[in-house]
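Coordinates in review
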Amino acid sequence: MFGFGTKNIGIDLGTANTIVYAEGKGIVLREPSVVAKNTKTGEIVSVGSEARAMIGRTPASIVAIRPMKDGVIADYDTTVAMMKYYIDKALGHRAGKPYVMVCVPSGVTEVEKRAVIDATRVAGARDAYVIEEPFAAAIGAGLPVMDPTGSMVVDIGGGTTDVATISLGGIVSSRSIRMAGDKLDESIASYVRQHFNLLIGERTAEQLKIDAASASISKASEIDKQTIRGRDLVTGLPKTIEIDAVDVAKAIQEVIQEIISAIKETLEETSPEIAADVIDHGIVLTGGGAQLRHLPEVISDATKVPVFIASEPLDCVAVGTGESLKSINVMKKK
C-alpha cells in the first residue's frame, strides 16, 4: 500500500499492441494500443480491446485513436491516459509507484525517447527508462547478448521493423524502418481498392493478412481463397468478393522487399567476425510480423543465411524489457 513490494514493470509500448511484464510474474497484460475518446468532452470512453472493437464503428462524437504511430508517440495526452490505465490494470490501483522500463525502436531521436520517459512518469511511474526494441527482443528470444558472439535479430512489429546485430551487451549495427504490420495492412487495402474496386476497413485488411498472406507468391497458391466484405467504389453499396491468396501475396511484396533490404544493409555494415557468427547461428525473427507465412524461407533465400522464428515471437520484446529490469540499478546510475 505504501509502495513496498511494488513490482517493477516492463512495457512493450507497441503501435498495435501493448504488453506489460511484471517482475516476478511474467506477462500480466496484453491489450491493443487503442483509446476511444469523446471528441466533445475529451473524456476517455474506453481503452484496449473494447476501444479496438470500436474502430470504424463509432458515432461522430467518439473517435477510436491509436496514439502510437510508427513506434513513437503521435498523441501525447492519449498515450499518457493509455499507459496510466495499463499500469493501474497490471498492478492494481493501490500499488505503489513502480520503476518502469519501456522499449523504443532503435531509430528514435532523443526527443522521442524523452517523450516516452515523460509520458511514463506522468502516467504514474516512480521513474522510467528506455531500452531499444531489437536488444529487448534478443534478450526475450534467449540470444546470448552479453557474450562475445554476434547475434542478429529482426523484430517486425506494428509500426516499425527493427534489425540489429548484437554482441557483448550492445548493438553493433542496426536499422529501423517504418515498414511493418500496419504497412502490410495498408498495402492489402490499397491493392483491393485498385484491383477490385472495393473499399475495405483496416480490421478487414488485418484479418486478410492473418488468414491468407504469404511472403512468397509461388507458395501462396497453397492457401485457400478468402471471402471479404466492403463497399463497392462504383455503386457505393456493400459487396462481398472472393480473393485469392496469390493476390494478397502480391499486395505485400513491396513491404517484404524493404524488410529484406534493411536486413542486407545491416549485414553489410557488420564486421566479418560477427557476420560469420550470424551465418553459424542464423537470424532470429520476433514480433507479430514473424508469423507471416513463408517469411523465414524468403529471407533465407535472399540473404543465404538460416532464419528462425523465436519460440514466442509476440512476447519477446516484453519479456526482454522485463528481464532488463534486473539491471535497473545500472540504469539508475546512467
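Since the structure is predicted, the reported quantities are computational estimates derived from the model, not experimental observations. (Residues numbered from 1 in each chain as written. Predicted model: local features only at pLDDT ≥ 70, side-chain atom pairs only at ≥ 80, totals over all residues. Heavy atoms only, no water.)

1. Details of the packing of aromatic side chains
Here is the rule we go by: What counts as a ring pair is set by centres within 6.5 Å for rings of Phe, Tyr and Trp (its six-membered ring), and what kind of pair is set by the plane angle: stacked under 30 degrees, edge-to-face over 60, tilted for all other angles. Accessible area is worked out with a 1.4 Å probe on protein chains only. A residue is then buried under 20% of its type maximum, exposed over 50%, and partly exposed in between.
In the structure shown here, the tally under the stated rule is 2 aromatic pairs. Ring centres of Y85 and Y86 lie 5.5 Å apart, and the angle between their planes is 65°; on these two criteria the pair is classed as edge-to-face. You can call Y85 partly exposed: its relative accessible area is 32%.

2. So, the UniProt feature "binding site: ATP" (unreviewed entry) in the protein
Condition: UniProt positions are given in the numbering used here, feature names are shortened, and annotations may be inferred rather than shown by experiment. Numbering of helices and strands starts at the N terminus; helices are DSSP runs of H or I of at least 4 residues and strands are runs of E of at least 2. Note on definitions: a residue-residue contact is assigned when non-hydrogen atoms from the two residues lie within 4.5 Å.
In the numbering used here, UniProt assigns the feature "binding site: ATP" (unreviewed entry) to T15, A16, N17, G158, G159, T160, E206, Q207, L208 and K209. Tracing the backbone through its elements, the reader meets T15 in the loop between strand 1 (9-13) and strand 2 (17-22). Taking relative accessible area as the criterion, T15 reaches 4% and is therefore assigned buried. Beyond its immediate chain neighbours, meaning those up to four positions away, T15 contacts S33, R66, M68, K69, D70, G71, G158, G159 and D182. Structurally, the position occupied by T160 is in the loop between strand 11 (151-156) and strand 12 (161-167). Of the residues examined, T160 reaches a relative accessible area of 4% and is grouped as buried. Ignoring anything within four residues of it in the chain, the contact list for T160 reads D70, G71, P105, E133, D155, S176, I177, R178 and A180.

3. Concerning helix 4 (residues 133-140)
For helix 4, a buried count of 6 out of 8 residues is recorded, marking the element as mostly surrounded by other parts of the structure. Along helix 4, the residues that are buried comprise E133, P134, F135, A136, A137 and A138. Downstream of helix 4 by a residue or two, G142 has a phi angle that is positive, lying close to 80°.

4. Regarding the pattern of salt bridges
Which entries qualify depends on this criterion: By definition, a salt bridge exists where a carboxyl oxygen of Asp or Glu is found within 4 Å of a side-chain nitrogen of Lys or Arg.
On inspection of all chains with the given rule, the structure shows 17 salt bridges. Here D70 ties to R178 by a salt bridge, and the two come within 3.8 Å at their closest N and O atoms. Of this pair, D70 sits in the loop between strand 7 (68-69) and strand 8 (72-73) while R178 sits in the loop between strand 13 (170-177) and helix 5 (181-196), and the two are 108 residues apart along the sequence. What makes R178 partly exposed here is its relative accessible area of 43%. Across the salt bridge formed by K183 and E186, the nearest N and O atoms sit 3.7 Å from each other. Here E186 and K183 lie together in helix 5, a separation of 3 residues that amounts to about one turn. Its relative accessible area of 28% is what places K183 among the partly exposed residues. Each member of the salt-bridge network shares a partner with another, and the members are R66, D182 and E202.

5. Let's talk about the domain arrangement of the protein
Keep this limit in mind: What counts as a domain boundary in this text is fixed by an automatic or database domain assignment. Each of two parts loses accessible area, computed with a 1.4 Å probe, when they are put together; buried area is these two losses added.
Along its sequence, the protein is organised into domain 1 (9-135 + 317-332), domain 2 (137-179 + 255-313) and domain 3 (181-251). A straight line from the C-alpha centre of domain 1 to that of domain 3 covers 30 Å. Across the contact, 6 residues belong to domain 1 and 4 residues belong to domain 3. Roughly 520 Å² of surface becomes buried between domain 1 and domain 3 when both sides are summed, with 28% attributable to carbon and sulfur atoms. A per-residue breakdown of the area domain 1 buries against domain 3 is headed by R52, I55 and R66, which together make up 73% of the total. Across the contact surface, domain 1 and domain 3 share 3 salt bridges.

6. Observations concerning the packing of helix 5 against helix 6 (residues 202-212)
Worth spelling out the cut-off: Orientation is described by lines fitted to C-alpha atoms, with helices fitted over the stretch in contact, and by angles between N-to-C directions that extend from 0 to 180 degrees. The scheme is simple: roughly parallel for angles under 35 degrees, roughly antiparallel for over 145, roughly perpendicular for 65 to 115, oblique for anything else.
Viewed as axis vectors pointing N to C, helix 5 and helix 6 meet at an angle of 105°, and their least axial separation amounts to 8 Å. Viewed along their axes, helix 5 and helix 6 adopt a mutual orientation that is roughly perpendicular. On helix 6, the residues that touch G181, L184, D185, I188, A189 and V192 of helix 5 are A205, E206, L208 and K209.

7. Some details on the environment of T78
Here T78 is to be found in helix 2 (residues 76-91). What T78 contacts, discounting residues up to four positions off in sequence, is V35, K37, I65 and P67.

8. Overview of the sheet that holds strand 16 (residues 238-243)
Selection criterion: Paired strands are those between which DSSP finds at least two bridges.
Taken in spatial order, the 3 strands line up as 14-15-16 in an open sheet, and their pairing is antiparallel. Lying at the two open borders of the sheet, with one neighbouring strand each, are strand 14 (198-199) and strand 16. Where strand 15 (residues 226-232) lies against strand 16, 6 bridges are found, and the strand directions are antiparallel. Counted as the bridge partner of I228 is I241 from strand 16. Contacts from helix 6 reach strand 15 and strand 16, with the element oriented near 160° to strand 15.

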